[in-house]
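So you can see what is in the structure, the chains are spelled out below.
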Amino acid sequence: MISKPLPSFTVAALTAASLVVVFAAIRIAESIVTPFLLALFIVAVSAPGFFWLLRRKIPSGLALLLVIAFILGVGLVLSMLVGTSVDGFARNIPFYQERLQLINAQIATMLARVGLSMSAEQLNHLVDLSYVMGLVGNGFNRLLSSLADAFLILLLVAFMLLEMSSLGEKIRRISSQPEATIAHLDYFFATINSYFAIKSLVSIGTGVLIGVVLWIMGIDYPILWGLLAFLLNYVPTIGSLIAAVPAILMALIQFGFASAGWVAVLYLVTNNVVGNLIEPRLMGRSLGLSVLVVFLSLVFWGWLLGPVGMFLSVPLTMALKIALESSPETEKFALFLGDDQPSAQQTDSNTSDDRLLSSDSEQEETRHD
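Residues numbered from 1 in each chain as written. Predicted model: local features only at pLDDT ≥ 70, side-chain atom pairs only at ≥ 80, totals over all residues. Heavy atoms only, no water.

Novice: Lay out the overall build of the protein with the relevant residues and their values.
Specialist: Across its full length, the protein holds 15 helices and zero strands. By the burial criterion, 37% of the 369 residues in the protein qualify as buried. The long-range share in the protein, meaning contacts at least 24 apart out of those at least 6 apart in sequence, stands at 71%. (Helix = DSSP H or I, 4+ residues; strand = E, 2+ residues; numbered from the N terminus. Buried < 20%, exposed > 50% of the residue type's maximum accessible area, 1.4 Å probe, protein only. Contact = heavy atoms within 4.5 Å.)

Below is the structure:
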């Protein structure tokens, strides 16, 4: 008996219902999913270094040990810097709050001169330093709490790196079209690694530049603000804006409006140069995601996984887009995630993959002959 295919509406409804169930399960299992995603992020960043060591004829065990030691060292340094800066700032919050109240009184007086009535108490409620810095501290604490299970994350990273070194051989054994599968996986990992490599370098440059300039200006805790700029540069659209707020407030409290204005100019110029000149020139059109999709992915993944989801929103959406492009049945859905020229780069990639497969098949026929 031949069964009739389901109507397209029914298929769409079943797919939507399945997605709702999957996302609900991910939200419930956030404490398990988050370390796994952080491990994937660390693997994407550290995999080029690991394979570079393997190409230098270093044994896989020693190469893995060196990579894990480097990851541990970076994590310990960041934890120490964040912990020291946050503790020092927390001790000085009463002093900073008192200074901010004096500034609010000056602002209220200036507003009264131009006919605007707003009391200093209203301004204090409007700009509450302890609340703003509480958000910064909570964000750091949530991120660090996600890293608290460091042993589990490092184990995942170690096993993933080891599996990647033997993944090609396993695919050749189990796949009916191993070369096509490997080519697609190579495209997937190359895209993700390229994004993370470029984004990490740009974020490091942004954080170092802002931290050094704030240190020269005499702003308190420049390392904290530089580290915040580095981390939030991974968050698209609003990350750089959030990173600027506490540093501008600190400049306002310490030195007044002129210094706060210069700090605002520093963030504005840095973010515009990085976001509109450096990153597009380095990345080109490699992301292939529309601006609307980037913003919506930030909101969605942030709601689903918290700060870690916002941090990884673009890579997760890129992975989803590449996965959709891998099947003719779902390729049309990938078009909705793309920019105004969604198929140009993919067409080039498919053409190069076809050439690769054609070359491989010719070589295989030559061997048989």
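Picking up where we left off.
Novice: With reference to specific residues and values, describe the confidence of the model for the protein.
Specialist: Scored by pLDDT, the protein comes out at a mean of 76, with 78% of its residues at no less than 70. Averaged over each element, pLDDT in the protein is lowest for helix α15 (residues 344-368) (44) and highest for helix α8 (residues 222-232) (87). Low pLDDT, under 50, characterises residues 342-369; the stretch is placed with 11 contacts to residues that sit more than four places away or in other chains. (pLDDT = per-residue confidence, 0-100.)

Novice: Lay out the packing of helix α2 (residues 30-55) against helix α3 (residues 60-113) with the relevant residues and their values.
Specialist: Axes are the key here: two packed helices are described by the angle between their axes and the distance separating the axes. At a closest axis distance of 10 Å, the pairing of α2 and α3 adopts a crossing angle of 140°. When the interaxial angle is binned, α2 and α3 end up oblique. Judged by the twist between their axes, the crossing of α2 over α3 is right-handed. Here Ile42, Ser46, Phe50, Leu53 and Leu54 of α2 lie close against α3, whose contacting residues are Ser60, Ala63, Leu64, Leu66, Val67 and Ile71. Looking at side-chain class alone, the contact of α2 with α3 contains nine nonpolar, two polar and no charged residues. (Axes fitted to C-alpha atoms, helices over the stretch in contact; angles between N-to-C directions. Parallel < 35°, antiparallel > 145°, perpendicular 65-115°, else oblique. Left-handed = near helix turned anticlockwise from the far one by under 90°. Nonpolar A, V, L, I, M, F, W, Y, C, P; charged D, E, K, R; others polar.)

Novice: How would you sum up the packing of aromatic side chains? Please name residues and give values.
Specialist: Overall, the coordinates contain six aromatic pairs when judged by the stated rule. Pairing Phe23 with Phe300 gives two aromatic rings, centres 4.9 Å apart and planes at 70°, and the pair type is edge-to-face. Of this pair, Phe23 sits in helix α1 (residues 8-28) while Phe300 sits in helix α11 (residues 291-305); the two residues are 277 residues apart in sequence, bridging distant segments of the chain. Phe23 gets classed as partly exposed once you look at its relative accessible area, which sits at 25%. Judged by its relative accessible area of 26%, Phe300 falls in the partly exposed class. Look at Phe300 and Trp303: their rings are 6.1 Å apart centre to centre, the planes differ by 40°, and that puts the pair in the tilted class. Of this pair, Phe300 and Trp303 both sit in helix α11, three residues apart, which is roughly one turn of that helix. Feature note: the residues Phe23, Phe300, Trp301 and Trp303 constitute an aromatic cluster, connected by ring pairs. (Phe/Tyr/Trp six-rings, centres within 6.5 Å; stacked < 30°, edge-to-face > 60°.)

Novice: Which residues make up the packing of α11 against helix α13 (residues 313-325), and what values do they have?
Specialist: Closest axis-to-axis distance for the α11/α13 pair is 9 Å, and the angle between their directions is 105°. With respect to α13, the element α11 is oriented roughly perpendicular. Note on element contacts: α13 touches α11 through Ser313, Val314, Leu316 and Thr317, opposite Val293, Val294, Ser297, Leu298, Trp301 and Leu305. Partitioning the contact of α11 with α13 into residue classes produces seven nonpolar, three polar and no charged.

Novice: Pulling in residues and values, what's your account of the environment of Tyr187?
Specialist: Relative to the helices and strands, Tyr187 is located in helix α7 (residues 178-217). Spatially, the C-alpha atoms of Tyr187 and Ile322 are 8.8 Å apart, while their sequence positions differ by 135 residues.

Novice: Residue-level account of the nonpolar core, with values.
Specialist: With 45 residues, the main nonpolar core has Val157, Leu161 and Leu312 as its most contacted residues. Sort the elements by how many residues they give to this core and α2 lands first, with 11 residues. In this structure Val157 touches Ala39, Ile42, Val43, Ile68 and Ile71, once residues within four positions along its chain are discounted. Counting 28 residues, the second-largest nonpolar core is a separate cluster that includes Phe89, Ile103, Ala244 and Ala260. (Core = buried A, V, L, I, M, F, W, Y, C linked by side-chain atoms within 4.5 Å.)

Novice: Explain unusual backbone geometry residue by residue, including any values.
Specialist: Most peptide bonds adopt trans geometry, and most residues besides glycine take a negative phi value. The phi angle at Lys57 is positive, at roughly 65°, despite the residue not being glycine. With respect to the helices and strands, Lys57 occurs in the loop between α2 and α3. Under the relative-accessibility criterion, Lys57 is labelled exposed at 75%. Unusually for a residue other than glycine, Tyr221 sits at a positive phi of about 55°.

Novice: Before we move on, can you summarise a nonpolar patch on the surface with the specific residues and values?
Specialist: Together, Trp262, Val265, Val269, Val273, Leu277, Ile278 and Leu282 line one region of the surface with nonpolar side chains, adding up to about 650 Å² of accessible area. By the secondary structure assignment, Val265 is in helix α10 (residues 257-283). (Patch = residues over 30% accessible without salt bridge, like charges linked within 9 Å, V, L, I, M, F, W, Y side chains within 5 Å. Areas by Shrake-Rupley, 256 points an atom, 1.4 Å probe, with all protein chains shown as cover. Salt bridge = Lys/Arg side-chain N within 4 Å of Asp/Glu carboxyl O.)

Novice: An account of α2 is requested, with residue identities and associated values reported.
Specialist: Relative to the 38 Å expected for 26 residues at 1.5 Å per residue, α2 spans 37 Å between its end C-alpha atoms, a close match to the ideal helical length. Along α2, the largest kink reaches about 45° and is centred on Ser46; proline Pro48 follows within four residues of it. Where α2 terminates, the next one or two residues include Lys57, which has phi positive at roughly 65°. (Expected span 1.5 Å × (residues − 1). Bend = angle between axes of the 7 residues up to and from the residue.)

Novice: Summarise α8; cite the residues concerned and give the values.
Specialist: The periodicity of an α-helix, 3.6 residues per turn, causes residues three or four places apart in sequence to face the same way. Counting buried positions over the 11 residues of α8 gives 10, a clear majority of the element. Buried within α8 we find Pro222, Leu224, Trp225, Gly226, Leu227, Leu228, Ala229, Phe230, Leu231 and Leu232.

Novice: Could you give me a rundown of the side chain of Thr317, with the residues and numbers involved?
Specialist: In this structure, Thr317 sits in helix α13. Given a relative accessible area of 4%, Thr317 falls into the buried group. Once residues within four sequence positions are removed from consideration, Thr317 is found in contact with Leu289, Val293, Ser297 and Trp301.

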